[in-house]
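Commentary on secondary and tertiary structure
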Amino acid sequence: MTHRNLTSTRKLSIGQKLAYGSGSLTNNLLPAALGVFMFFLVTGYGMDPFLAGLLGGIPRFFDALTDPIMGYISDNSRTGWGRRRPYIFVGAVVTGILFILLWQMSPADGQTYNFWYFLVMSLLYITGNTIFSTPFIGLGYEMTDDYNERTKVMGIANIIGQTAWMIVPWFWALISNPDYIFATQVEGVRKLSIAVGALCIFTGVIPAIFCKEPPLPEEDSERPGVTLSGIWNVVKDVFENLGEVFANKPFLRLCVATFLVYNGFQIVAAFANYIIVYYMFDGDYSLANNWLTWDWVPTLFRSASAWFATIQALITAFLVIPVVTWMAGKWGKKQAFVISTVISIVGYIMKWWGFSPENPWLMFLPLPLMSFGMGGLFTLMMSMTADVCDLDELKNGLPRKESQFGAIYWWMVKMGQSLALVLSGAVLKWVAFDQNVAIQAPETLTQLRLADIIIPAGSAFVAIFVMLGYNLTETKMKEIKAQLKKRYEKE
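Conventions we followed
- Residues numbered from 1 in each chain as written.
- Predicted model: local features only at pLDDT ≥ 70, side-chain atom pairs only at ≥ 80, totals over all residues.
- Heavy atoms only, no water.
- Core = buried A, V, L, I, M, F, W, Y, C linked by side-chain atoms within 4.5 Å.
- Buried < 20%, exposed > 50% of the residue type's maximum accessible area, 1.4 Å probe, protein only.
- Helix = DSSP H or I, 4+ residues; strand = E, 2+ residues; numbered from the N terminus.
- Salt bridge = Lys/Arg side-chain N within 4 Å of Asp/Glu carboxyl O.
- Axes fitted to C-alpha atoms, helices over the stretch in contact; angles between N-to-C directions.
- Parallel < 35°, antiparallel > 145°, perpendicular 65-115°, else oblique.
- Left-handed = near helix turned anticlockwise from the far one by under 90°.
- Contact = heavy atoms within 4.5 Å.
- Phe/Tyr/Trp six-rings, centres within 6.5 Å; stacked < 30°, edge-to-face > 60°.
- Lys NZ or Arg CZ within 6 Å of the ring centre and 35° of its normal.
- Patch = residues over 30% accessible without salt bridge, like charges linked within 9 Å, V, L, I, M, F, W, Y side chains within 5 Å.
- Areas by Shrake-Rupley, 256 points an atom, 1.4 Å probe, with all protein chains shown as cover.
- Lys, Arg positive; Asp, Glu negative; His and termini not counted.
- Charge placed at Lys NZ, Arg CZ, Asp CG, Glu CD.
- Expected span 1.5 Å × (residues − 1).

Time to look at the nonpolar core. Nonpolar side chains tend toward joint burial in soluble globular proteins. Tyr20, Phe337, Met363 and Met381 are the most contacted members of the largest nonpolar core, which totals 96 residues. Counting residues per element, this core draws most heavily on helix H15 (residues 367-396), at 15 residues. Judged by nonpolar contacts, the second largest core, of 38 residues, contains Ala33, Val36, Val196 and Leu300.

See below:
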């Protein structure tokens, strides 16, 4: 009988890592672009802000249902091309096409028509994206069984994924200014959506073509898999497996810590733009968008807010992620998370002095430190989730549940992001921010700046205590693999 290879020695070529990272670009570019385009749903397409909020929220609840189900389907599929790659290929193509179609509306069609068009297309787009992203994440968890190699894979994937966050900030300037390329905001959204969709198709199919799936063990390949006749059992098994997933205490720690760090950051993510414009440039968008006054810099590339976001993504990709990957190999993943999070807290505190009206260049000072929060988070958490899958196999047997763990982990991220958007608005209301005036009250700006520091720093501090009880060290993982190997050798 052919058994699973449970030796912790499998290394991946740089080509395999880059191929997987290509899919990470798709996984980051789509939500990044969607976040920008949703703003123009109100200003360009004339959608009522309340209806636009519904269009942003309803698909996420639908996503909460489809992610775990797709995770089950991928984990239990048996095809000649693997249980991940066919879905990744089809999902990338379908998602790219649907993203393009999502934005091919016209204000002339009226608000009611555009609301229902966008809602239906959003649900279809979410479904296509689930078909792609859930198996893609599962593939990353199983490409290697080496404790440190998993961190390297996720590190390279996140470096490539950060490219999206270097590009997307400039969409604002391209779309909103008629003096550049597009005559109207609608034209800008429609044409840029085509470019985004096409690029996502190209980069999304690469892991399906070039990444290798580990072979299924004979014990697992003999299982019946997913059938149409057993669809009810599929749904029932999904929720049974959810119980097993949530009973995994190390995984719960990963979810809670991610929820705290990521959503503490997301609540205040837009605050930097408000502080730059209203505190550093006295509410003058023209000054903020033409901050760099050097003659040799094109007008498009003078925005202070865009440079702030782009520099942060560059630092995250080429400084933070490599350093975090090194720390994880040197001291362990949990220790790397704690160190990274502490560094980010120091960076958040430094924003009090970094956002300076007298010297705008100081806004870049906290970025190398605060970038350790998000840069370290997903590199380490995705690597640790792969370790959790080994623990689940030891406790609950086959089939392994990489896609289901990935689906639930990212579902919590998405739901938390929705909550963060609501809380972000609540904080703005609490500090009495008035979007209709250029000059904000001094106490409003002070409270906004304090919230911009206290919320992400406080949530990150709590996350550190959550992770102190995480016990899947490299030594523990070797013990788990030894137990699994012994189990299969007896069968």
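Glancing now at unusual backbone geometry. Despite not being glycine, Asp282 shows a phi value in the positive range, around 55°. As for its position among the elements, Asp282 is in the loop between helix H11 (271-280) and helix H12 (285-289). Among the residues examined, Asp282 registers a relative accessible area of 52% and is labelled exposed. The phi torsion at Ala432 lies on the positive side, around 65°, for a residue other than glycine. Inspection of the secondary structure assignment puts Ala432 in the loop between helix H16 (402-430) and helix H17 (442-467). Ala432 gets classed as partly exposed once you look at its relative accessible area, which sits at 48%.

Moving on, we get to the pattern of salt bridges. Tallied over the full model, the rule gives 13 salt bridges. Between Glu142 and Arg84 there is a salt bridge; the shortest N-O distance is 3.1 Å. Of the two residues, Glu142 is situated in helix H4 (residues 111-142) and Arg84 in the loop between helix H2 (49-76) and helix H3 (85-102); the sequence distance between them amounts to 58 residues. Of the charged contacts, one joins Arg150 and Asp387 as a salt bridge, the two residues approaching to 2.6 Å between their closest N and O atoms. Highlighted residues: Arg150 in helix H5 (residues 147-167) and Asp387 in helix H15, separated in sequence by 237 residues. We note that Arg150, like Asp387, is buried.

The geometry of a pair of packed helices is captured by two quantities: the angle between their axes and the separation between those axes. At a closest axis distance of 10 Å, the pairing of helix H1 (residues 14-43) and H4 adopts a crossing angle of 155°. Between H1 and H4, the interaxial angle falls into the category roughly antiparallel. Helix-helix and strand crossings are classified by hand; for H1 and H4 the assignment is left-handed. Judged by residue contacts, Tyr20, Gly23, Ser24, Thr26, Asn27, Leu30, Leu34, Met38 and Leu41 of H1 engage Phe118, Tyr125, Asn129, Phe132, Ser133, Phe136, Ile137, Leu139 and Gly140 from H4.

Turning our eyes to something else, we now look at the packing of aromatic side chains. Each aromatic ring pair is summarised here by two numbers: the centre-to-centre distance and the angle between the ring planes. Enumeration according to the criterion identifies 25 aromatic pairs in this entry. Consider the rings of Tyr274 and Tyr278, whose centres lie 6.5 Å apart with planes at 35°: the pair is tilted. A residue pair is termed a helical-turn pair when its members lie 3 or 4 positions apart in one helix, as Tyr274 and Tyr278 do in helix H11 at four residues. By relative accessible area, which is 7% here, Tyr278 ends up buried. Members of the aromatic cluster, each reached through a chain of ring pairs, are Phe37, Tyr45, Phe99, Trp103, Phe118, Tyr125 and Phe171. Directly above the aromatic system of Tyr147 lies the positively charged group of Lys333, at a separation of 3.9 Å from the ring centroid. The positively charged end of Arg449 is found above the aromatic ring belonging to Trp352, 3.9 Å away from the centroid.

Together, Lys249, Arg253, Lys395 and Lys476 make up a positively charged patch on the protein surface. Secondary-structure assignment places Arg253 in helix H10 (residues 249-267). Taking relative accessible area as the criterion, Arg253 reaches 31% and is therefore assigned partly exposed.

Here we come to the environment of Trp294. By the secondary structure assignment, Trp294 is in the loop between H12 and helix H13 (304-331). Relative accessible area serves as the criterion here: at 38%, Trp294 is assigned to the partly exposed category. Once the C-alpha coordinates of Trp294 and Tyr125 are considered, the two residues, 169 residues apart in sequence, prove to be 42 Å apart. Residue contacts for Trp294: discarding those within four places in its chain leaves Arg302 and Trp361.

Moving on to H10. Given a rise of 1.5 Å per residue, 19 residues ought to cover 27 Å, and the 27 Å separating the end C-alpha atoms of H10 matches this to within 8%. Of all 19 residues that make up H10, 14 are buried, and the element is covered over most of its length.

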